[in-house]
Amino acid sequence: MSVPEPVRLFFALWPEAELQQALYEAGNKLYQRCGGRRTRRENIHLTLAFLGAVDADQMQCITDVADQIALTAFDILFNRLGWWRRNQVAWAAADETPRPLIDLVKQLQLGLSAEGFKFDERRFQAHVTLLRKANCPQVLIDSPPIVWQARDFVLVRSTLQEDGPHYAIVQRWPLQPTAD
Ligand code: 2AM
């Protein structure tokens, strides 16, 4: 009898192709100053909760947690490009993290913690990783704002291949439409 392999999973906001392109171009701007390794365009996303290796029999409780979430859609204004010296990641982020995004992460983490998943104690810092192994001369770089209209969130499977990580959306959950 074959035993199903564990799979690496994470919850994320996943941008449309046009937005991936805009963020990729911002990443190119960072790349010119900071070097490092660019996130491939089709891999650009915002991680909400990283689960790591998951057994097939844990899938149901993971999707049950996401099924319970009833939050409204929101926009994120990405108006900062920056760099963290500690992990050499260069990123796009927002000055203000929208309340529903904070709630989404909190609710995922709470629900998943109850199922035994462990999360970083550090405060969630919403960001899109654009470069790894980067070395930027400045920690903050000016950039024209990019608006991300988050209308759903996704569960993603990650597989490491010779050319780097490949991501596949496993399931999508809509956020509730706003009143206007
Ligand atoms: P990051 O890019 O914001 O660092 C898929 O691997 C995503 O999950 C990555 O984009 C990464 O987010 C995040 N991730 C990977 N390993 C992680 C870990 N050990 N803890 C938390 N997040 C992780």
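Residues numbered from 1 in each chain as written. Predicted model: local features only at pLDDT ≥ 70, side-chain atom pairs only at ≥ 80, totals over all residues. Heavy atoms only, no water.

A. A look at the sheet that holds strand S8 (residues 140–141). Spatially, five strands are ordered S2-S7-S6-S5-S8 in an open sheet, and the strand pairing comes out antiparallel. The outermost strands of the open sheet, each flanked by one partner alone, are strand S2 (37–38) and S8. Examined bridge by bridge, strand S5 (residues 80–84) and S8 share two bridges and lie antiparallel to one another. Within the sheet, the bridge partner assigned to Leu 81 lies in S8 and is Ile 141. Where helix H1 (residues 17–34) meets the sheet, it contacts S2, S5, strand S6 (89–93), strand S7 (128–132) and S8, and its direction lies at approximately 35 degrees from that of S7. (Pairing = 2+ DSSP bridges. Helix = DSSP H or I, 4+ residues; strand = E, 2+ residues; numbered from the N terminus. Contact = heavy atoms within 4.5 Å. Axes fitted to C-alpha atoms, helices over the stretch in contact; angles between N-to-C directions.)

B. The arrangement of helix H3 (residues 99–114) in detail. With 16 residues, H3 should cover 22 Å at 1.5 Å per step; its first-to-last C-alpha distance of 22 Å lies within 8% of that length. Buried residues belonging to H3 abut strand S1 (7–13), strand S3 (46–54), helix H2 (59–67), strand S4 (74–78) and strand S10 (152–161). (Expected span 1.5 Å × (residues − 1).)

C. The arrangement of the sheet that holds strand S11 (residues 164–174) in detail. In space, the four strands of this open sheet follow the order S3-S1-S10-S11, with antiparallel pairing throughout. Both edges of this open sheet fall to S3 and S11, since each of them pairs with a single strand only. The mean inter-strand angle of the sheet, taken between neighbouring strand axes irrespective of direction, is 25 degrees. Pairing analysis gives 10 bridges linking S10 to S11, with the strands arranged antiparallel.

D. A look at the environment of Pro 100. One can find Pro 100 in helix H3. You can call Pro 100 buried: its relative accessible area is 19%. Each C-alpha atom, one on Pro 100 and one on Leu 71, is 6.6 Å from the other, the two residues being 29 residues apart in sequence. Among all residues touching Pro 100, those that are not within four sequence positions of it are Leu 71, Thr 72 and Phe 74. (Buried < 20%, exposed > 50% of the residue type's maximum accessible area, 1.4 Å probe, protein only.)

E. A look at the state of the cysteines. Under the definition given, this model contains one disulfide. Covalent S-S linkage joins Cys 34 and Cys 136, the inter-sulfur distance amounting to 2.2 Å. With the S-S bond torsion at 110 degrees, the cross-link from Cys 34 to Cys 136 turns out right-handed. Within this pair, whereas Cys 34 is found in helix H1, its partner Cys 136 is found in the loop between S7 and S8, the two being separated by 102 residues in sequence. Considered together, Cys 34 and Cys 136 belong to a single accessibility category, that of buried residues. (Disulfide = S-S within 2.5 Å.)

F. The pairing of strand S9 (residues 146–150), seen in detail. Here S9 shows a buried face lined by Ile 146, Trp 148 and Ala 150 and an unburied face lined by Val 147 and Gln 149. Here S4 pairs with S9 via five bridges, running antiparallel. Directly across from Phe 74, in S9, lies its bridge partner Ala 150.

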